[in-house]
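The primary structure of each chain is shown beneath.
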Amino acid sequence: MDSSNDEALDIIITNVVATFRVRCHLNLRTIALEGNNVIYKPEVGKVLMKLRKPKITASIWSSGKIICTGATSEDDAKVGARRLSRVLQKLGFRVRFSAFKVVNVLAVCSMPFAIHLIDFTKKNRPIASYEPELHPAATYRIKHIKATIQVFSTGSITVTGPNVQNVATAVEEVYPLLFECSKPLCK
Amino acid sequence: MASTSRGDALALPRVQCPNHPDAILVEDYRAGDMICPECGLVVGDRVIDVGSEWRTFSNEKALKDPSRVGDAQNPLLNGGDLTTMISKGTGAASFDEFGNSKYQNRRTMSSSDRAMLNAFKEISTMADRINLPRNIIDRTNNLFKQVYEQKSLKGRANDAIASACLYIACRQEGVPRTFKEICAVSRISKKEIGRCFKLILKALETSVDLITTGDFMSRFCSNLGLPKQVQMAATYIARKAVELDLVPGRSPISVAAAAIYMASQASAEKKTQKEIGDIAGVADVTIRQSYRLIYPRAAELFPPDFKFDTPVDKLPQL
């Protein structure tokens, strides 16, 4: 198990996606013309605004719903969201920060061993799926924690889940399964 | 006039025995008579005979059975559709003065199943292009029917679902076709077929076996015109390469293509990477990459009884 190893596995969170509302209608043209670092996409109907610190990209819709991506932690996402609403407030809109929710967390982790994907898929037949023609990784979906793990043959895995806690649990859960199908370290 | 069994709306005169008006008449269809069972009186005669108009002999095996009408039904897939349709006319009499055909309105036969029948036709066309046998087509039709009735993939293009069903059927029968091969006979992109494939597996809650390099050897080698020896050698090479895990993370198709390249280069029938790439649907740089991985151990990958036209150390090194 993970805790019995000497080295702990480093789970690096690479992306946190959060949504929130500002509770007021936004005029995308005004934001596009007067804001800094914005890209206007009229065919879709949204404005992309990039913040430098924390480094996030936000998609802003005229209804007042905003999706904030690119943060590296849940707190960062919240800080970025608040900073974003401050920018909108300075542009003259009557914003009210509400309904902040982290929707997706993406983390990568690297196992110290390579993995034999065909064995892994055979052992976990319905839950794991591997289509080498479509994607080089095997996908393992854990239903009860709603996390998806993509396992590569080099031993790196990417985990996506609704929050950081789930991601950590998913890694704990999948580690023993991966260890069973590990290739010997000397190749 | 008393014994009308139905309601008074139909006041049709019914034949009945004058002595026994309540008796139910027995029909003798051979003679065309209606006979009263009580007294034996023949009440109605010259009743229309519904027997057959031809004689059938027991020893004669007629290719068509004259007492059967219409095409063989497909009850598994259609649910027993028995309507008669008016087809487009032939000959001059079927057109009215403006050149439009009379009876232009073909009654829609079963609108709920029309999309399904269309899909079956499409499946049949696609399978015909790559010469798939009847059992795969039947399996594909069954899969499509199951998916269609479930309605969980209702928003997707029917052609995409049909192509994905064809792919799954080939897999399930043990003769997988690559996605690119299915793409070649379908108008749907590989990405969409892949997406539908995953959705169908989830909807039907089945899974398929993993593809191996050996599944494609016979097809690729025959298309390239390689002799049996080379094909067997390539199969052995690919299997050994996967067992020794020389090619981790490579698609089995690419490994198969590289194995074919190695085997053909060692034999008298040398094929270029481009030719193999064309047949297998892999880029020739991909073949080059996989070949580089298996080249160092080439000597142990060949089968022991292989006759080399070009010895192992003279194999091309890219």
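Remember, it's a predicted structure, so these values are computed and weren't measured experimentally.

Draft legend 1. Structural view of the sheet that holds strand 2 (residues 33-35) of chain B. Residue and element names in this part refer to chain B. The antiparallel open sheet is built from three strands, whose spatial order is 1-2-3. Each edge of the open sheet carries a strand with a single partner, namely strand 1 (26-28) and strand 3 (42-44). The average angle at which neighbouring strand axes cross in this sheet is 40 degrees, direction not considered.

Draft legend 2. Region of the structure containing the domain arrangement of chain B. Residue and element names in this part refer to chain B. The domains assigned to chain B are domain 1 (109-202) and domain 2 (211-312). Relative placement of domain 1 and domain 2: their C-alpha centres are 30 Å apart. If you look at the interface, domain 1 gives six residues, while domain 2 gives seven residues. For the pair domain 1 and domain 2, the summed buried surface comes to about 580 Å²; carbon and sulfur atoms form 51% of the total. Of the charged contacts, one joins arginine 219 and glutamate 181 as a salt bridge, the two residues approaching to 2.5 Å between their closest N and O atoms. At the junction of domain 1 with domain 2, the criterion picks out three residue pairs in polar contact (both at pLDDT 80 or more).

Draft legend 3. The domain arrangement of chain A, seen in detail. Once the domains are mapped, chain A shows domain 1 (17-103) and domain 2 (111-180). Computed from C-alpha atoms alone, the centre-to-centre distance between domain 1 of chain A and domain 2 of chain A is 33 Å.

Draft legend 4. Geometry of the pairing of strand 3 (residues 46-51) of chain A. Residue and element names in this part refer to chain A. Taking burial as the measure, the six residues of strand 3 include five buried ones, the bulk of the element. Pairing of strand 2 (residues 38-41) with strand 3 involves four bridges; the strand directions are antiparallel. Across the sheet, the residue bridging to tyrosine 40 is valine 47, located in strand 3. A loop of four residues connects strand 2 with strand 3, the two strands running antiparallel in sequence, and glycine 45 in this loop sits at a positive phi of about 100 degrees. Where strand 3 meets strand 4 (residues 56-61), six bridges bridge the pair, whose relative direction is antiparallel. Along strand 4, the bridge assignment pairs lysine 46 with tryptophan 61.

Each value, and the rule that gives it
Residues numbered from 1 in each chain as written. Chains lettered and ligands numbered in written order. Predicted model: local features only at pLDDT ≥ 70, side-chain atom pairs only at ≥ 80, totals over all residues. Heavy atoms only, no water. Pairing = 2+ DSSP bridges. Helix = DSSP H or I, 4+ residues; strand = E, 2+ residues; numbered from the N terminus. Axes fitted to C-alpha atoms, helices over the stretch in contact; angles between N-to-C directions. Domains from an automatic or database assignment. Contact = heavy atoms within 4.5 Å. Buried area = accessible area lost by both parts, 1.4 Å probe. Salt bridge = Lys/Arg side-chain N within 4 Å of Asp/Glu carboxyl O. Polar contact = N/O pair within 3.5 Å; in protein donor to acceptor, adjacent residues only side chain to side chain. Buried < 20%, exposed > 50% of the residue type's maximum accessible area, 1.4 Å probe, protein only.

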